[in-house]
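One letter stands for each residue in the lines below.
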Amino acid sequence: MDAAAQGSSSPQMARPDDDMENENVLMKHVSFFDINNDGIVYPWETFQGFRSIGCGLLLSTISALFINIGLSRKTIPVGKKSSLLFPIYIENINKCKHGSDSGVYDSEGRFVPAKFEEIFSKHAVTHHDALTGKELNNMLKANREAKDYGGWVASWTEWEILYYLCKDENKLLHKETVRAVYDGTLFHQMAKKKRSSTGDNKRN
């Protein structure tokens with residue numbers, strides 16, 4: 001993993017909650033990976049997106065396969081057949097919401113401020129505005145729904161990758177970093193930081 005990704009714990013000021021409540025921020029979150037802006041994310045675009053935020057070849061490859069194979073079928077529009085290219089149709093990304101999650105996105109992909117605050121009011125014990133690795137794991141266990149094994153795996157994967165990439169030098173995952181994930185700005189910030197560190201002005 002490139003150093004640019006590590007320590008991305010101080011994102012720019014997040015967007016106001018009332019703005020996020022009225023739009024599908026889940027779509028904005030996923031749109032980062034839509035390299036050619038056609039509304040569809042293919043595995044190679046997911047791979048490029050992960051590389052652009054500083055992930056190594058192995059993590060980027062595994063993530064692209066896991067995400068696209070796992071989500072593609074749920075997003076296929078009515079009348080279209082599934083494809084072995086495993087496209088993710090962003091317009092239907094809300095159909096990929098899984099169980100055993102934090103509930104910060106509602107069924108329409110909108111931001112739920114109260115659920116976001118619960119992450120820290122319930123689980124941030126050591127610091128009120130950050131999670132330790134242990135506290136993160138405790139939250140994941142608390143969110144588990146009975147026999148929802150797919151949801152357990154999905155939630156664990158999402159949060160562990162975020163923690164791996166964005167914990168600070170004290171191994172803390174900060175509240176504003178988590179907020180930036182949900183409002184769709186974190187990946188853009190990380191990619192910009194990586195470009196600056198490498199002197200590359202292109203997206204990838």
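Residues numbered from 1 in each chain as written. Predicted model: local features only at pLDDT ≥ 70, side-chain atom pairs only at ≥ 80, totals over all residues. Heavy atoms only, no water.

Q: Quick question: what am I supposed to make of the confidence of the model for the protein chain here?
A: In low-pLDDT segments, the atomic positions of the prediction should not be examined closely. Per-residue pLDDT for the protein chain has a mean of 89; in total, 86% of the residues score no lower than 70. This model gives residues 1-6 a pLDDT under 50, and the stretch forms 20 contacts once residues within four places in sequence are excluded. Note on residues 8-13: pLDDT under 50 across the span, and 17 contacts to partners over four residues away in sequence or across chains. (pLDDT = per-residue confidence, 0-100. Contact = heavy atoms within 4.5 Å.)

Q: Please explain the packing of helix α7 (residues 149-166) against helix α8 (residues 175-183) as it appears in this structure.
A: Two numbers describe a pair of packed helices, the interaxial angle and the distance between the axes. Where α7 meets α8, the axes come as close as 12 Å, and the angle between the chain directions of the two elements is 125°. Overall, the two elements α7 and α8 adopt an arrangement that is oblique. The handedness of the crossing between α7 and α8 comes out as right-handed. Note on element contacts: α8 touches α7 through T177, V178, V181 and Y182, opposite W159, L162 and C166. Across the contact of α7 with α8, the residue classes break down as six nonpolar, one polar and no charged. (Axes fitted to C-alpha atoms, helices over the stretch in contact; angles between N-to-C directions. Helix = DSSP H or I, 4+ residues; strand = E, 2+ residues; numbered from the N terminus. Parallel < 35°, antiparallel > 145°, perpendicular 65-115°, else oblique. Left-handed = near helix turned anticlockwise from the far one by under 90°. Nonpolar A, V, L, I, M, F, W, Y, C, P; charged D, E, K, R; others polar.)

Q: Hey, could you run me through the nonpolar core in this one?
A: Among the nonpolar cores identified, the biggest contains 39 residues, and I53, F116, I119, W159, L162, V178 and Y182 are the most heavily contacted of them. Elements represented by at least two residues in this core include exactly α2 (25-31), α5 (113-123), α6 (133-143), α7, α8 and α9 (186-198). Those residues within four positions of Y182 in sequence are excluded, and the remaining contacts are V25, S102, V104, Y105, F111, F116, I119 and W159. (Core = buried A, V, L, I, M, F, W, Y, C linked by side-chain atoms within 4.5 Å. Buried < 20%, exposed > 50% of the residue type's maximum accessible area, 1.4 Å probe, protein only.)

Q: How should helix α3 (residues 43-52) be read in this particular structure?
A: Residues lying three or four places apart along an α-helix face the same way, a consequence of the helix completing one turn every 3.6 residues. Of all the positions in α3, only P43, E45, T46, G49, F50 and S52 are classed as buried. Following α3 by one or two positions, G54 adopts a phi angle in the positive range, close to 105°.

Q: Mind showing me how you'd approach the side chain of H98 here?
A: Residue placement: H98 occurs in the loop between β2 (88-89) and α5. Side chain to side chain, H98 and E158 meet in a polar contact 3.0 Å long. Residues within four places of H98 in sequence aside, it is in contact with G151, A154, S155 and E158. (Polar contact = N/O pair within 3.5 Å; in protein donor to acceptor, adjacent residues only side chain to side chain.)

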